[in-house]
Amino acid sequence: MHLVPTQEEVVRLLERTGALRHGHFEYPNGLHADEYLQVPLAMRYYQHAKTLSVGLSRQLRANPEIRALIPELSIVAPATGGLPVAYGVCEALRAHQVYWAEREDENQPLRFRQYFEQLAGEKVLLVDDILRTGSKLTELKKLVESNHAEVVGLAVVVYQPTPRTPDFSPLPFYYLAKLDGIYHQDAADCDQCKSGVALEKIWV
Ligand SMILES: [Zn+2]
């Protein structure tokens with residue numbers, strides 16, 4: 001394995017651990033896809049989690065602006081898939097701290113714990129296991145910025161863009177593998193549905 005694992009190495013690791021499966025799936029937001037991807041299934045193995053986190057941290061360290069910020073850098077994740085990535089990256093970088101936002105229930109906005117305070121001007125790296133629709137990272141970025149902290153970049157293990165994925169540029173964005181899953185807006189638009197292939201619903 002390379003110090004920064006290659007796209008092929010990451011894909012093989014995800015397939016071997018069952019984190020990446022091929023078939024006909026429906027996501028909770030209604031998109032149909034030919035791939036199932038749940039990075040936490042790979043992150044349950046400590047050595048794999050470490051390989052992925054160290055790889056990501058090396059990419060981050062190669063950015064001189066981010067490298068200069070490491071001693072004061074906050075690694076912030078939307079719970080829960082991003083947590084092992086956030087801790088792994090923080091450990092590998094020796095960054096300042098890790099914390100995360102979560103929601104009380106599905107209909108509530110993301111928020112930090114009671115009594116938790118972000119500092120104005122605090123430098124924040126947003127981390128998650130995957131960037132797919134981007135809705136969680138977009139909400140987390142808004143939450144951080146509403147506290148006058150500054151997002152300095154984003155890092156995920158897997159980038160799997162859909163027709164709805166936002167572009168976070170000019171912020172630097174890092175990922176270890178890009179997966180081009182085939183997405184369809186709904187059943188009417190889906191080739192596998194038209195061919196009568198059995199559908200599995202994804203519940204996370
Ligand atoms: Zn379908």
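Below or above, wherever it landed, is the structure these notes cover. None of the values given here were measured: they were computed from a predicted structure.

Its place among the elements puts Ala 79 in the loop between β3 (74–78) and α5 (83–93). Taking the C-alpha atoms as reference, Ala 79 lies 14 Å from Met 43; in sequence the two are 36 residues apart. Leaving out residues up to four positions away in the same chain, Ala 79 has contacts with Trp 100, Ala 101, Glu 102 and Lys 136.

Another point: the coordination of the zinc ion. Protein ligation of the zinc ion involves His 24 (NE2), His 32 (ND1), Cys 190 (SG) and Cys 193 (SG), the donor distances falling in the range 2.0 to 2.4 Å. Coordination at the zinc ion is tetrahedral, judged from the 4 donor atoms that bind it and the angles of 96 to 119° they form at the metal. Sequence positions of the donors to the zinc ion reduce to the motif H-x7-H-x157-C-x2-C. Of this pair, His 32 sits in strand β2 (residues 32–37) while Cys 193 sits in helix α7 (residues 191–194), and the two are 161 residues apart along the sequence.

Judged by nonpolar contacts, the single largest core of 38 residues is most densely connected at Leu 73 and Ile 75. The element best represented in this core is α5, accounting for 5 residues. Apart from residues lying up to four places away in sequence, Ile 75 is in contact with Ala 86, Val 89, Cys 90, Leu 93, Ala 95, Gln 97, Val 98, Tyr 99, Leu 125 and Val 127. Counting 19 residues, the second largest nonpolar core, distinct from the first, contains Leu 137, Ala 149, Tyr 159 and Phe 168.

Locating Asp 129 in the fold gives a position in strand β5 (residues 123–131). There is no salt bridge for the buried Asp 129, and the closest opposite charge comes from Lys 136, which lies 5.5 Å off by N-O distance. If we ignore the near neighbours within four places in the chain, the residues touching Asp 129 are Val 39, Pro 40, Gly 81, Gly 82, Val 85, Val 156, Val 157 and Val 158.

Either a parallel or an antiparallel arrangement is found when strands of a sheet pair, and the pairing is made through backbone hydrogen bonds. Pairing within the open sheet is parallel, and its 5 strands lie in the order β4-β3-β5-β6-β7. Two strands in the sheet have a free side with no partner beyond their single neighbour: β4 (97–101) and β7 (173–178). Here the strands of the sheet are splayed against their neighbours by 20° on average, with no regard to which way each runs. When β3 meets β5, the two strands line up parallel, connected through 3 bridges. Within β5, the residue paired with Ile 75 across the bridge is Leu 125. Packed on one face of the sheet, helix α3 (residues 46–61) meets β5, β6 (150–159) and β7 and runs near 135° to β7.

A few words now on the packing of α3 against α5. The N-to-C vectors of α3 and α5 enclose an angle of 60°; their axes lie 8 Å apart at closest approach. Relative to α5, α3 is oriented oblique. Crossing of α3 against α5: the hand is right-handed. For the pair α3 and α5, contact is made by Tyr 46, Ser 53, Val 54, Leu 56, Ser 57, Leu 60 and Arg 61 and by Pro 84, Val 85, Gly 88, Val 89, Glu 91, Ala 92 and Leu 93, respectively. Classifying every residue of the contact of α3 with α5 gives 9 nonpolar, 3 polar and 2 charged.

Conventions we followed
Residues numbered from 1 in each chain as written. Predicted model: local features only at pLDDT ≥ 70, side-chain atom pairs only at ≥ 80, totals over all residues. Heavy atoms only, no water. Helix = DSSP H or I, 4+ residues; strand = E, 2+ residues; numbered from the N terminus. Contact = heavy atoms within 4.5 Å. Donors = N, O, S within 2.8 Å, 3.2 Å for Na, K, Ca; no water. Tetrahedral: all angles 85-135°; square planar, octahedral: opposite > 155°, others 65-115°. Core = buried A, V, L, I, M, F, W, Y, C linked by side-chain atoms within 4.5 Å. Buried < 20%, exposed > 50% of the residue type's maximum accessible area, 1.4 Å probe, protein only. Lys, Arg positive; Asp, Glu negative; His and termini not counted. Salt bridge = Lys/Arg side-chain N within 4 Å of Asp/Glu carboxyl O. Pairing = 2+ DSSP bridges. Axes fitted to C-alpha atoms, helices over the stretch in contact; angles between N-to-C directions. Parallel < 35°, antiparallel > 145°, perpendicular 65-115°, else oblique. Left-handed = near helix turned anticlockwise from the far one by under 90°. Nonpolar A, V, L, I, M, F, W, Y, C, P; charged D, E, K, R; others polar.

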